[in-house]
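Breakdown of the fold
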Amino acid sequence: MHHTRRQFSKTIFGVAASPLVFALPGQAAAYPEKPITFICPWPAGGTADQTMRALCSAAGKDLGQAVVVENKVGASGMIGLKAMANAKPDGYTIGQIPISVTRFSQLGSVAIDPLKDLTYLARTSGQTFGMATLANGRWKTLQELVAEARANPGKITYAHAGVGGATHVGMEEFAMAAGIKFNHIPFKGGADALQAVLGGHVDVLVDSSSWAPHVEAGKMRLLATWGEQRVGRFKEVPTLKDAGFNVVVDAPNGIGAPKGLDPAVAMRLRQAFRVAVASDEFKQACDKIDAPVLYLDGPDYESYVAQVYKKETVLIDKLKLKELVKN
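What comes next is a walk through the structure.

Each value, and the rule that gives it
- Residues numbered from 1 in each chain as written.
- Predicted model: local features only at pLDDT ≥ 70, side-chain atom pairs only at ≥ 80, totals over all residues.
- Heavy atoms only, no water.
- Salt bridge = Lys/Arg side-chain N within 4 Å of Asp/Glu carboxyl O.
- Helix = DSSP H or I, 4+ residues; strand = E, 2+ residues; numbered from the N terminus.
- Buried < 20%, exposed > 50% of the residue type's maximum accessible area, 1.4 Å probe, protein only.
- 1 Å grid on protein atoms, 1.4 Å probe; cavity = no way out; pocket = protein on both sides within 12 Å on 5 of 7 lines; lining within 4 Å.
- Points joined across faces, edges and corners; volume = space filled by probe spheres on them.
- Expected span 1.5 Å × (residues − 1).
- Core = buried A, V, L, I, M, F, W, Y, C linked by side-chain atoms within 4.5 Å.
- Polar contact = N/O pair within 3.5 Å; in protein donor to acceptor, adjacent residues only side chain to side chain.
- Contact = heavy atoms within 4.5 Å.
- Pairing = 2+ DSSP bridges.
- Axes fitted to C-alpha atoms, helices over the stretch in contact; angles between N-to-C directions.

**Overview of the pattern of salt bridges**
Under the criterion given, the structure shown has 14 salt bridges. R268 is the partner of D62 in a salt bridge, and the nearest nitrogen-oxygen pair spans 2.9 Å. Here R268 lies in helix 9 (residues 263-277) and D62 lies in helix 2 (residues 47-63), a separation of 206 residues in the sequence. Accessibility expressed as a relative area gives 24% for D62, which makes it partly exposed. R270 is the partner of D297 in a salt bridge, and the nearest nitrogen-oxygen pair spans 2.7 Å. Separated by 27 residues along the polypeptide, D297 in strand 11 (residues 293-297) and R270 in helix 9 bring together distant segments of the chain.

Written out as structure tokens, the structure is:
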């Protein structure tokens, strides 16, 4: 269940205000004795990178050592995740876990078992996905887009950041709920997808908030967002649920480490990231990109991942994703 920001602040700041003290046995007592490497599997300067840097800065203050962000990009976040999972489990290499590993592991795109190969430390924040077109495009509402897609199956194109990723799967899930069919056009990332739509080459952009400044500038029109709640800056824009389609996609990010991490070290990291998620520094970075804070402690985050894994098993079958990935 998602906390409201007010509930979140009470819960998390209550913890942060009364720091937990853990007894760290043996060598773990001195942890950390040197800077920690944090692998971000997305490009520097992107929305995920911005929030992770703020989070690591705040965590570093609690740990008394720098948490240094290293970008290892590619394969929809899986290259960086694989590098983190394969690192020595000593607490000095940690990183972001894209929730899409629950899908890519089942599609055979990455040799990681998310239920066995990772240590979960914290779920942090979600992403705000949305569907946008050029402001002078032919649809003023989501309903108009759906009506045309219904009348012309497979004719409307949408740009997304890669087959099997959240934007592709979310749009296909929406199409299935609406009983319509689109023509999907994959790109290497959200930035390329955005340029294709701005250039008039593709009809609809599906991405996390790369569209926001263009919507505010009047160049693009936002037809719908995909979260549980409407976005603060774009309150007039409906969610898919508001529009009558039972689809929610927020793809929460989280923090993890390789399997085999000393439990005492894991506990220390969980404490640091609990404090970091509650920090003003992280909250401001999230607000800047309309990202909802969706904190869960390590064990609860692990349970959440297991639930998503089961949901993805059903979705892979329903959307015939294995065939799409092969093609």
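**Describing empty space enclosed by the protein**
With a probe scaled to a water molecule rolled over the atoms, the places where space remains empty come into view. Scanning all chains against the criterion turns up three cavities of 30 Å³ or more. Estimates place the volume of the largest cavity at around 80 Å³. If one sorts the elements of the lining of the largest cavity by residue count, helix 2 sits on top with three residues.

**Examining helix 6 (residues 166-178)**
If you check helix 6, its first and last C-alpha atoms are 18 Å apart, about what 13 residues at 1.5 Å a residue would give, namely 18 Å. Along helix 6, the residues that are buried comprise T167, H168, V169, G170, M171, E172, E173, F174, A175 and A178. Looking at the residues trailing helix 6, positive phi occurs at G179, about 70°.

**Details of the nonpolar core**
Most often, soluble globular proteins keep nonpolar side chains buried together rather than apart. Among the nonpolar cores identified, the biggest contains 50 residues, and M131, L142, F174 and F182 are the most heavily contacted of them. Tallying contributions element by element places helix 11 (residues 298-318) first for this core, with six residues. In terms of nonpolar packing, the next biggest core, distinct from the first, is built from 32 residues, L55, Y92, L261 and I289 among them.

**Topic: unusual backbone geometry**
Residue P32 is reached from Y31 by a cis peptide bond, and omega for that bond is -5°. With respect to the helices and strands, the residue P32 is situated in the loop between helix 1 (5-17) and strand 1 (36-40). If you check the backbone angles, A75 has positive phi at about 55° while not being a glycine. Relative to the elements of secondary structure, A75 occurs in the loop between strand 2 (67-71) and helix 3 (78-85).

**Some words on the side chain of N253**
Counting through the fold element by element, N253 comes out in strand 10 (residues 253-258). Of the residues examined, N253 reaches a relative accessible area of 4% and is grouped as buried. Side chain to side chain, N253 and Q96 meet in a polar contact 2.7 Å long. What N253 contacts, discounting residues up to four positions off in sequence, is M52, Q96, I97, R123, T124, S125, Q127 and Y301.

**Considerations on the sheet that holds strand 9 (residues 220-225)**
Adjacent strands of a sheet pair through backbone hydrogen bonds, lying either parallel or antiparallel. Strands sit in the order 7-6-8-5-9 across an open sheet of five strands; the sheet is mixed. A strand with exactly one partner marks an edge of an open sheet, and here the two such strands are strand 7 (183-186) and strand 9. Taking each pair of neighbouring strands and ignoring which way they run, the sheet shows an average axis angle of 30°. Pairing geometry for strand 5 (residues 129-134) and strand 9, over five bridges, is antiparallel. Paired with L134 across the two strands is M220, which belongs to strand 9. Strands strand 5, strand 6 (157-160), strand 7 and strand 8 (204-208) of the sheet are contacted by helix 6, whose axis makes an angle of about 150° with strand 6. Together, strand 5, strand 6, strand 8 and strand 9 form the strand contacts of helix 7 (residues 190-198), whose direction differs from that of strand 8 by roughly 155°.

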